[in-house]
Amino acid sequence: MKVLVVGGGGREHALVWKIAQSPKVEKIFCAPGNAGIAQIATCVDIKAADVAGLLRFAQKEKMDLTVVGPEMPLVAGIVDQFTAAGLRIFGPTKNAAQLEGSKALSKHFMAKYNIPTAKYAAFPNAHEATDYVRAKGGPLVVKASGLAAGKGVLICQHTADALAAVNKVIVDKEFGEAGNQVVIEEFLVGQEVSVLAFTDGKTIIPMLASQDHKRAFDDDCGPNTGGMGAYAPTPLYTPELNEIVMRDILEPTVKGMAAQGWQYQGVIYAGLMLTADGPKVLEYNVRFGDPETQPVLSLLDTDLVAIMEAVIDERLDQVDIAWKQAVSVCVVMAAGGYPGKYTKGDLITGLDIGTKDVIVFHAGTAAKDGQIVTNGGRVLGVTSVGNDIPEAIAKAYNGVGKIKFKGGYCRKDIGSKAILKQ
Ligand code: AMP
Ligand code: GLY
């Protein structure tokens, strides 16, 4: 098989790495990829958002399977376009992808199907939104409804902050078109867990639950980022909790989507807050998470391509998915200044530390004059597999200690919440 992976971050490196292990696969392309991906696949210079360019390339190369990493092409309808052209592609259709593409739509959907989530209201203008904020009072969470690369969520402790946030989103349009609607939510308290599942629209098979670390600095301080590290499985996600999440969240989600006429296929990712009143959905993503994919796929024993084919052919009920009895920790090494301004093009040394138990997934890297340099905010995801959490943490940080680039930083506490829980 020839497989095309769309995207160029750490998630896509992990996808390519896992897909390369499939006996079904002869050749892998990645668009646009990065310097790490280029070591195991052929990178093509087409941007992930260039759906027309990707389609032309997949047709020319007679691609047998396309796997989409980021949300943007999914929300733009890449799956519909590839399917119409007779190409096999793994992911939800444009309509189904609105679950991530429109927070207002996803909240209305959850309300309709009684899926537990924060209380909310959505508004297309500032006037009503402001009245609502005044009536409710802080703390509140104000969100731009559309895609905003993880930046359109503003946590507001006080009413005045929430009023300012509404202004930012819907008047000043700080997040562009994403702010055509503003969603205002009740502020939830609890631990966050990422539950990703494969589904063909009928059968749902959850992956190992993971925990992301969204803030830039230790102890969940500092600004929000794309994710500074993750580990799996998280002991917070007990078998009892899985039963509740399947019954109250994942099954109603997949059934509800089908009832709307938007049969959901691909990966459904529920970002959950474990509140005192039970698990509540913070958001849906319609794809693999980044960096959750790095530890989760590191523990997957089953052929990922076989799973994806079963999803496309709607026979996921016939698939058994096996996981290693181990723990995986991914520590993100970021460029100094990230998530704000940072430099690119800094030399990275010590990258050849890969062992059976430690893989260095590249995120923002590029090749330059035979060397590998930084090329993004999140640069690398050093990912270990160990027998238990302390061992996996020690192995990942041992790897991190050997890699150097100017200004690089990482959190020192990835996985520590799992130890506190044990
Ligand atoms: P989202 O992109 O909607 O998942 O939001 C990004 C982050 O903001 C989440 O991972 C949470 O940490 C936080 N967040 C979002 N919604 C809420 C909420 N209703 N209450 C508390 N925190 C929230
Ligand atoms: N790790 C969060 C996300 O992928 O959106």
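What you see is a predicted model, and the numbers here were worked out from it, not measured in a lab.

A. Up close: the overall build of the protein. Scanning the protein for helices and strands turns up 13 helices and 22 strands. Relative to its full complement of 422 residues, the protein shows a buried share of 58%. As presented, the protein carries roughly 17,100 Å² of accessible surface, and 52% of it is formed by carbon and sulfur atoms. Taking the average place of the 43 positive charges on the side chains of the protein and the average place of its 45 negative ones, the gap between the two points comes to 3 Å.

B. How the structure looks around the pattern of salt bridges. Following the criterion strictly, the structure yields 25 salt bridges and no others. The partner of Lys-214 in a salt bridge is Glu-192, with the nearest N and O atoms 4.0 Å apart. Taken together, the residues Lys-214 in the loop between strand S12 (211–212) and strand S13 (215–217) and Glu-192 in strand S10 (residues 191–199) connect sequence positions 22 residues apart. Since its relative accessible area comes to 30%, Lys-214 is described here as partly exposed.

C. How the structure looks around the pairing of strand S4 (residues 65–68). Across the two faces of S4 the burial is the same, with Leu-65 and Val-67 and Thr-66 and Val-68 all buried. Taken together, the four bridges between strand S1 (residues 2–7) and S4 define a ladder with parallel strand orientation. Paired with Leu-4 across the bridge in S4 is Thr-66. Of the strand pairs in this sheet, S4 and strand S5 (residues 89–90) are connected by two bridges, and their pairing is parallel. Within S5, the position partnered with Val-67 by the bridge is Phe-90.

D. Spatial organisation of the environment of Gly-337. Along the polypeptide, Gly-337 turns up in the loop between strand S18 (327–334) and strand S19 (358–362). The spacing of Gly-337 and Ser-22 is 315 residues in sequence and 38 Å in space, taken between C-alpha atoms.

E. Quick peek at the state of the cysteines. Applying the stated criterion to the full structure yields zero disulfides. Cysteine Cys-43 remains unbridged, with the sulfur of Cys-30 as its closest cysteine sulfur at 5.4 Å. Between Cys-330, a free cysteine, and Cys-410, which holds the nearest cysteine sulfur, the sulfur-to-sulfur gap is 11 Å. By relative accessible area, Cys-330 is classed as buried at 0%.

F. Structural view of the packing of aromatic side chains. The tally for this structure, following the rule as stated, stands at eight aromatic pairs. Arranged with centres 6.4 Å apart and planes meeting at 70°, the rings of Phe-109 and Tyr-284 form a pair that is edge-to-face. Placement of the pair is Phe-109 in helix H6 (residues 103–112) and Tyr-284 in strand S17 (residues 278–285), with a sequence separation of 175 residues. Looking at Phe-109, the relative accessible area reads 4%, which means it is buried. Judged by relative accessible area, which is 2%, Tyr-284 ranks as buried.

G. Highlighting the site of ligand 1. Taken together, 15 residues sit near ligand 1, with Glu-185, Glu-186, Leu-188, Glu-192 and Glu-283 positioned nearest. At 2.4 Å from an oxygen atom of ligand 1 is found a side-chain nitrogen or oxygen belonging to Glu-192. In isolation ligand 1 exposes 470 Å². Once the protein is present, 92% of that is buried. Elements that contribute at least two residues to the shell around ligand 1 include exactly strand S7 (140–144), strand S8 (153–156), strand S9 (182–186) and S17. For the shell around ligand 1, the per-class residue count stands at eight nonpolar, no polar and seven charged.

H. Region of interest: helix H5 (residues 94–101). Listed in full, the buried residues belonging to H5 are Ala-96, Ala-97, Leu-99, Glu-100 and Gly-101. Where H5 is buried, its residues touch helix H3 (71–75), H6, helix H9 (239–259), strand S16 (266–275) and S17.

I. Structural view of H9. If you check H9, its first and last C-alpha atoms are 28 Å apart, about what 21 residues at 1.5 Å a residue would give, namely 30 Å. What H9 keeps buried is the set Leu-241, Val-245, Met-246, Ile-249, Leu-250, Pro-252, Thr-253, Val-254, Gly-256 and Met-257. Looking at the packing, one finds that the buried side of H9 touches H5, H6, S10, strand S11 (204–206), S16 and S17. One or two residues past the end of H9 sits Gly-261, with phi positive at roughly 85°.

J. Inspection of the sheet that holds S18 at higher detail. Spatial strand order, S12-S15-S18-S22-S19: five strands in an open sheet with antiparallel pairing. Two strands bound the open sheet, and with one partner strand each, they are S12 and S19. In the sheet, S12 pairs with strand S15 (residues 229–232) via two bridges, with the strands oriented antiparallel. Its bridge partner being in S15, Gln-211 is matched across the sheet by Tyr-231.

K. The arrangement of the environment of Ser-145 in detail. Position of Ser-145 relative to the elements: it lies in the loop between S7 and S8. In the structure, Ser-145 is positioned 67 residues away from Ile-78 in sequence and 21 Å away in space, judged by C-alpha atoms. With residues near it in sequence (within four places) discarded, Ser-145 still touches Gly-101, Ser-102, Lys-103, Ala-104, Ala-178, Gln-181 and Val-183.

Definitions and limits used
- Residues numbered from 1 in each chain as written.
- Chains lettered and ligands numbered in written order.
- Predicted model: local features only at pLDDT ≥ 70, side-chain atom pairs only at ≥ 80, totals over all residues.
- Heavy atoms only, no water.
- Helix = DSSP H or I, 4+ residues; strand = E, 2+ residues; numbered from the N terminus.
- Buried < 20%, exposed > 50% of the residue type's maximum accessible area, 1.4 Å probe, protein only.
- Areas by Shrake-Rupley, 256 points an atom, 1.4 Å probe, with all protein chains shown as cover.
- Lys, Arg positive; Asp, Glu negative; His and termini not counted.
- Charge placed at Lys NZ, Arg CZ, Asp CG, Glu CD.
- Salt bridge = Lys/Arg side-chain N within 4 Å of Asp/Glu carboxyl O.
- Pairing = 2+ DSSP bridges.
- Disulfide = S-S within 2.5 Å.
- Phe/Tyr/Trp six-rings, centres within 6.5 Å; stacked < 30°, edge-to-face > 60°.
- Near = heavy atom within 4 Å.
- Polar contact = N/O pair within 3.5 Å; in protein donor to acceptor, adjacent residues only side chain to side chain.
- Nonpolar A, V, L, I, M, F, W, Y, C, P; charged D, E, K, R; others polar.
- Contact = heavy atoms within 4.5 Å.
- Expected span 1.5 Å × (residues − 1).

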